[in-house]
Amino acid sequence: PWAQIEREAKKVKKVLDGEGLTAEFVAPRNWFHTRTIDGAYTSNSAADRKYALERSKRAVDIANLIGTDRLVLWLAREGTYCREAKD
């Protein structure tokens, strides 16, 4: 749930600040989830593409909470080579 994510992000920000560090970037980790491991933004499934976009938007929200303006997006097929994954 977003409330839990927000609490955890604020804890991370506090730790970083306490150590004089900053977050380099945030990534939505679309390669991690079973719905998006086979191509988040390029999936044949509209529902999976929508999920990837929403997950990416959430990553932007988290980046704002922890104080970074960088997001890593891999706009291709996550986790595998295209020619080996699909016909």
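Our subject is the structure that appears above.
Residues numbered from 1 in each chain as written. Predicted model: local features only at pLDDT ≥ 70, side-chain atom pairs only at ≥ 80, totals over all residues. Heavy atoms only, no water.

Draft legend 1. A look at the overall build of the protein. When you go through the protein residue by residue, the secondary structure sums to 3 helices and 0 strands. Counting all 87 residues of the protein, 22% fall into the buried class. Counting only carbon and sulfur atoms, one obtains 55% of the accessible surface of the protein, whose full area is about 6,400 Å². (Helix = DSSP H or I, 4+ residues; strand = E, 2+ residues; numbered from the N terminus. Buried < 20%, exposed > 50% of the residue type's maximum accessible area, 1.4 Å probe, protein only. Areas by Shrake-Rupley, 256 points an atom, 1.4 Å probe, with all protein chains shown as cover.)

Draft legend 2. View of the nonpolar core. Residues Ala 9, Leu 16, Ala 23, Val 26, Ala 59, Ala 63 and Ile 66 constitute the largest nonpolar core, which totals 7 residues. Every element with two or more residues in this core is listed here: α1 (2-18) and α2 (46-66). At 3 residues, the largest contribution of residues to this core is made by α2. Setting aside chain neighbours within four positions, we find Ala 23 in contact with Leu 16, Ile 66 and Thr 68. (Core = buried A, V, L, I, M, F, W, Y, C linked by side-chain atoms within 4.5 Å. Contact = heavy atoms within 4.5 Å.)

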